Amino acid sequence: MANRLAQEASPYLRQHADNPVDWYPWGEEAFAEARRTGKPVLVSVGYSACHWCHVMAHESFEDDATAAVMNERFVNVKVDREERPDVDAIYMEAVQAMTGHGGWPMTVFITADGEPFYGGTYFPKVGRPGMPSFTDLLMAIDDAWRNRRDELTEQATRLTEAIRTSTSFRAAEPVPGMALLDGAATGIVGAVDLQRGGVGRAPKFPQTMSLDLLLRLHARTGEAELLDPVVISLDAMASGGIYDHLGGGFARYSVDDVWLVPHFEKMLYDQALLVRVYLHAWQVTGKPEYLQVVEETIGYVLRDLALESGGLCSAEDADSEGVEGKFYVWDLAEVREVCGDDADAAIKWWGISAPGNFEGHNILARWARGDLLRPDAVERARQQLFERRLTRVRPGLDDKVLTEWNALFVTSLAEAAAATGRDDWRTAAVQTAELLFANLRRDDGRWLRAWQTSTGGRHLAYAADHAALLEACTALAECTGEARWIARAREVADALLSLFWDDEDGGLFTTGHDAEKLVARQKDLLDGATPSANSMAAVGLTRLAALTGDAALEERAGRLIDQVGDAPSRHPTAFAHLLAAVDHRVGPAAEVIVVGDRPDLVAEVHRRYLPRAVTAWGEPYDSPLWEGREPGIAYVCEGFACKRPVDSVEALAAQLDEISAPRP
């Protein structure tokens, strides 16, 4: 018999609808039951593409004996971290404070008031050295709750108070922007593995924002020491098994330090951020391999994650038929069968062998690192293998549309469309954004977090949703030349500052003033797998202020930067996206205005990597940028001074060369 999760919109929650566990979704009903019964609350947090979440579900949540213990002694709550990042963030911080590490699945025990007193991540059904079985843990927590409850509640109160103050920065005074940028460059370059690429050791995550920041700083200074780590890392990732060489797109991370073996789940936000950094690297280096990665990754998203409605699904699972990676791996004999005369070329290109490189099978990887432009025979083999793969059982699809993640991809897609002149990408970016405006904004104007075709919109949107939308709208304005996107960007910025701004200390709270009151109201300050809300807002407000001349928006962006003090120079990877706003603030910032019907001039601007410039063209809107401008002319302004108006591509190119020249 299905439990309460059967009616939930989240695919992850519905995956647990037939568990014998008497699950509640997060909400007042669960906490009322905890107060009525005096039981503690067991909160289990995960997401649909999480491999170890599935493992724990199969081992424990589908087991009748384990479920009986859970149902008898706890009120059990299931949370989709992607729908409720506010809940996830609070209890993840608690688990990290208690154990020194975090991740998903996350298991946390809390009081009926929501205060956490114990937690961890994955617990096995059978105990291991240093790791109790899940049932033993449940019995120990129940015993402590019954016999030492005062001790647990006191611990919960202390931990909750620490969480409430943990994400605050108290900077005595603003830190000079160049000092932040210099410190960040030194820190990131020092952390890059210059042999194998990437930041840090295994497991390796793409760290796209750090790499993108190095590209920015290389454009500023021209220093090869800032570009080399980016090239090494991008070549390594696109050559490794973390990249899908048949269908495009990237897995979430690599479990090893050579990018061979991924956790095979594919997340929409990763595709968005990786498209962006590979696009910028192509603009900087001209390497066609990077454009190929952009094209194939966008192709994957628009082919496999796109809904007919125009929205983009959140993720594809790591598992198919209950086996992690089964959809993606190959045996030597099957490759020979599928590819025929082209098999030898494919086998050599991807290093396919009889023993394999992953549990007796082969993950496709290109060991000639960075050599990605496929010869004809290899391309034919790729197409044949791709077609054969379509006959396999596909990994599960999380078909919820998240405002934040869709907006992240819209930004990247709009930038890619502008840089390459791809009208189909421009159309897809606009359609996706229109879906968000049509279905994820209520009649009263309040944005929502998640939407599905069958259930509609759910959950109030967070600061990150608004901040990502703000960046997307400004990117669409620069890509399409349509004034409506500036108007929409203003609307989103107004809502962002009205709902989330901290009037006392500045910065943005994660949840709106109208949202459910949790045990702590946090601020999303640190960049992680996705840019933080405060980082995205700083970038979005900075660019919108430059496009509109709105000094109030620029002032708010400055306060978002100043609130973190010198932390970005000490922890650059945690503030890499915020440092993009710092880079623009340090300047010299530039504005390029193309008036009238001059697609040739617009294309000359769009093809270039100009990270500290904004572009206004097409339909005029209320902004000083448009005042006194003549049709058919391009205007380049930098550092509050405009250069001579020009009307030819050659003259415009010369001025753009000048403003983009490195200035050590």
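A brief report on the enclosed structure follows. Computed from a prediction, not measured in an experiment: that's the story for all the values here.

### Focus on the overall build of the chain
So, point 1. Each helix and strand counted, the chain has 25 helices and 19 strands in total.
So, point 2. On C-alpha atoms alone, the chain measures out to a radius of gyration of 25 Å, which is about the 26 Å that the 2.2 N^0.38 rule sets for 664 residues.
So, point 3. Principal axes of the C-alpha set define a box for the chain whose edges measure 80 × 70 × 45 Å.
So, point 4. Every one of the 664 residues in the chain was classed for burial, and the buried ones make up 61%.
So, point 5. For the chain, restricting intrachain contacts to residue pairs at least 6 apart in sequence, the fraction spanning at least 24 positions comes to 69%.
So, point 6. Carbon and sulfur atoms make up 50% of the accessible area of the chain, which amounts to about 25200 Å² in all.

### Some details on the nonpolar core
Considering soluble globular proteins, one finds that nonpolar side chains tend to be buried as a cluster.
So, point 1. Residues Phe-134, Leu-234, Met-237, Tyr-278, Val-294, Phe-409 and Leu-508 are the most contacted members of the largest nonpolar core, which totals 167 residues.
So, point 2. In terms of residues, this core owes the most to one element, helix 18 (residues 463-480), which gives 12 residues.
So, point 3. Apart from residues lying up to four places away in sequence, Leu-508 is in contact with Ala-463, Leu-496, Leu-497, Phe-500, Trp-501, Lys-523, Asp-524, Ala-533, Asn-534, Ala-537 and Leu-560.

### Quick look at a negative patch on the surface
So, point 1. On the surface, Asp-182, Glu-223, Glu-225 and Asp-228 cluster together into a negatively charged patch.
So, point 2. The class for Asp-182 is partly exposed, based on a relative accessible area of 45%.

### Some details on the pattern of salt bridges
So, point 1. In total, this model carries 63 salt bridges according to the counting rule given.
So, point 2. Asp-304 serves as the salt-bridge partner of Arg-394, at 2.8 Å between the closest nitrogen and oxygen. Note that Arg-394 is positioned in the loop between helix 15 (376-389) and strand 12 (397-398) and Asp-304 in helix 12 (residues 288-305), a separation of 90 residues in sequence.
So, point 3. Judged by relative accessible area, which is 17%, Asp-304 ranks as buried.
So, point 4. A salt bridge links Arg-380 to Asp-342; the nearest nitrogen and oxygen atoms lie 3.0 Å apart. Placement of Arg-380 in helix 15 and of Asp-342 in the loop between helix 13 (332-339) and helix 14 (343-350) is noted, with a sequence separation of 38 residues between them.
So, point 5. In this structure Arg-380 comes out as partly exposed when scored by relative accessible area, which is 42%.
So, point 6. On the accessibility criterion, Asp-342 (9% relative accessible area) is buried.
So, point 7. Through salt bridges with shared partners, one network takes in Glu-72, Arg-73, Asp-142 and Arg-146.

### Let's talk about unusual backbone geometry
So, point 1. Cis peptide bonds are those with omega within 30 degrees of zero, and the linkage from Trp-104 to Pro-105 qualifies with 5°.
So, point 2. Note on placement: Pro-105 falls in the loop between helix 5 (85-99) and strand 4 (106-110).
So, point 3. Cis geometry marks the peptide bond from Ala-202 to Pro-203, where omega comes out at -5°.
So, point 4. Residues other than glycine seldom take positive phi values, yet His-459 does so here, at roughly 70°.

### Side note on the sheet that holds strand 9 (residues 315-316)
Pairing between the strands of a sheet comes from backbone hydrogen bonds, and it takes one of two forms, parallel or antiparallel.
So, point 1. Judged by pairing direction, the sheet is antiparallel, and its three strands sit side by side in the order 8-9-12 without closing on themselves. In this open sheet, the two edge strands, each paired with only one partner strand, are strand 8 (266-267) and strand 12.
So, point 2. With two bridges joining them, strand 9 and strand 12 adopt antiparallel strand pairing. Each residue of the ladder has a partner; that of Glu-316, found in strand 12, is Leu-397.

### Let's talk about the pairing of strand 17 (residues 613-617)
Consecutive residues of a regular strand have side chains that alternate between opposite faces of the sheet.
So, point 1. Burial analysis of strand 17 places five of its five residues in the buried class, the great majority of the element.
So, point 2. Burial along strand 17 is two-sided: the face carrying Ala-613, Thr-615 and Trp-617 and the face carrying Val-614 and Ala-616 are both buried.
So, point 3. Of the pairings in the sheet, the one linking strand 16 (residues 590-594) to strand 17 comprises five bridges and is parallel in character. If you follow Ala-590 over to strand 17, its bridge partner there is Ala-613.
So, point 4. Assessed by its sense of winding, the connection that carries the chain from strand 16 through helix 24 (residues 599-606) to strand 17 is right-handed.

Conventions we followed
Residue positions are given per chain, counting from 1 as you read along its sequence in written order. Confidence filtering applies because this is a predicted model: local features only for residues at pLDDT of at least 70, side-chain atom pairs given and counted only at 80 or more, and all residues used for totals across whole chains, interfaces and linings. Only hydrogens and water are set aside; all other atoms, that is, all heavy atoms of the structure, feed into the side-chain values. We count a stretch as a helix when DSSP gives it H or I for four or more residues in a row; a strand needs E for two or more, and each element gets its number in order from the N terminus. Our radius of gyration is a C-alpha quantity, and the globule rule it is checked against amounts to 2.2 Å times the number of residues to the power 0.38. Type-normalised accessible area, obtained with a 1.4 Å probe on protein chains alone, sets the label of each residue: buried when under 20%, exposed when over 50%, and partly exposed for intermediate values. Any two residues whose heavy atoms approach within 4.5 Å are treated as being in contact. The Shrake-Rupley method, run with a 1.4 Å probe sphere, supplies the accessible areas, and residue values consider only the shown protein chains as cover. Among the buried residues, those of types Ala, Val, Leu, Ile, Met, Phe, Trp, Tyr and Cys that are joined through side-chain atoms within 4.5 Å form a nonpolar core. Patch definition: residues with relative accessible area over 30% and no salt bridge; like charges joined within 9 Å; nonpolar side chains (Val, Leu, Ile, Met, Phe, Trp, Tyr) joined within 5 Å. Salt bridge, as used here, is a side-chain nitrogen of Lys or Arg placed within 4 Å of a carboxyl oxygen of Asp or Glu. When charges are tallied, Lys and Arg are placed among the positive residues and Asp and Glu among the negative ones, while His and the ends of the chain are skipped. Where a charge lies is defined by one atom per residue type: Lys uses NZ, Arg uses CZ, Asp uses CG and Glu uses CD. Only strands that DSSP links by at least two bridges are regarded as paired with each other. Crossover handedness is defined here as right-handed if the route from the first strand over the helix to the second strand goes clockwise, with the strands pointing away from the viewer.

Everything listed here is a matter of coordinates, which is why it stays silent on function.
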